[in-house]
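Coordinates in review
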Amino acid sequence: MDMLALILSIIGSVNWGLVALFKFDLVAWLFGGQTAMLSRLVYALIALAGLWCISFLFRKNAITGDM
């Protein structure tokens, strides 16, 4: 779950970088526009992944990878 959340957060970060630098929304381009249901689903999953990643700040083993 942690790896999936991290991957989705990275995708979201790259997408925001593209929006900021080039005014290009990769998620919207891939999934049919910003208001398309699939795009909205991807945005929601990325948002949930970002919220999940907040827990990394409070877990000692998240940084070191220890179990």
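The structure we're discussing is the one just above.
I will try to describe carefully the structure that is included in this document. (Residues numbered from 1 in each chain as written. Predicted model: local features only at pLDDT ≥ 70, side-chain atom pairs only at ≥ 80, totals over all residues. Heavy atoms only, no water.)

Examining the packing of aromatic side chains
The condition that has to hold: Stacked, edge-to-face and tilted are the three classes for Phe, Tyr and Trp ring pairs, Trp counted by its six-membered ring, which pair at centre distances within 6.5 Å; planes under 30 degrees apart are stacked, over 60 edge-to-face, the rest tilted.
The full count for this structure, using the stated rule, is one aromatic pair. On the numbers, 5.8 Å between centres and 55° between planes, the contact of Phe-24 with Trp-29 is tilted.

A look at the environment of Gly-12
So the rule is basically this: We count a stretch as a helix when DSSP gives it H or I for four or more residues in a row; a strand needs E for two or more, and each element gets its number in order from the N terminus. Partly exposed residues are those whose accessible area sits between 20% and 50% of the maximum for their type, while under 20% is buried and over 50% is exposed, using a 1.4 Å probe and protein chains only.
Looking at where Gly-12 falls in the secondary structure, it is placed in helix H1 (residues 2–22). Judged by its relative accessible area of 8%, Gly-12 is buried. For the pair formed by Gly-12 and Leu-26, sequence separation is 14 residues and the distance between their alpha carbons is 9.6 Å.

A short note on the packing of H1 against helix H3 (residues 37–54)
Our working definition: Interaxial angle, 0 to 180 degrees, is taken between N-to-C directions of lines fitted to C-alpha atoms, where a helix line uses only the stretch in contact. Between 65 and 115 degrees an angle is taken as roughly perpendicular, under 35 as roughly parallel, over 145 as roughly antiparallel, and anywhere else as oblique. A crossing counts as left-handed when the near helix is turned anticlockwise from the far one by less than a right angle, and as right-handed when that turn is clockwise. Note on contacts: a residue pair qualifies if any of its non-hydrogen atoms lie within 4.5 Å across the two residues. Side-chain classes are defined by residue name, with Ala, Val, Leu, Ile, Met, Phe, Trp, Tyr, Cys and Pro counting as nonpolar, Asp, Glu, Lys and Arg as charged, and the others, Gly among them, as polar.
At a minimum axis separation of 8 Å, H1 and H3 run at an interaxial angle of 120°. Judged by the angle between their axes, H1 and H3 are oblique. By crossing handedness, the relation of H1 to H3 is classed as left-handed. Two secondary-structure elements touch here, H1 through Asp-2, Ala-5, Leu-6, Leu-8, Ser-9, Ile-11, Gly-12 and Asn-15 and H3 through Tyr-43, Leu-45, Ile-46, Ala-49, Gly-50, Trp-52 and Cys-53. Considered class by class, the residues forming the contact of H1 with H3 number 10 nonpolar, four polar and one charged.

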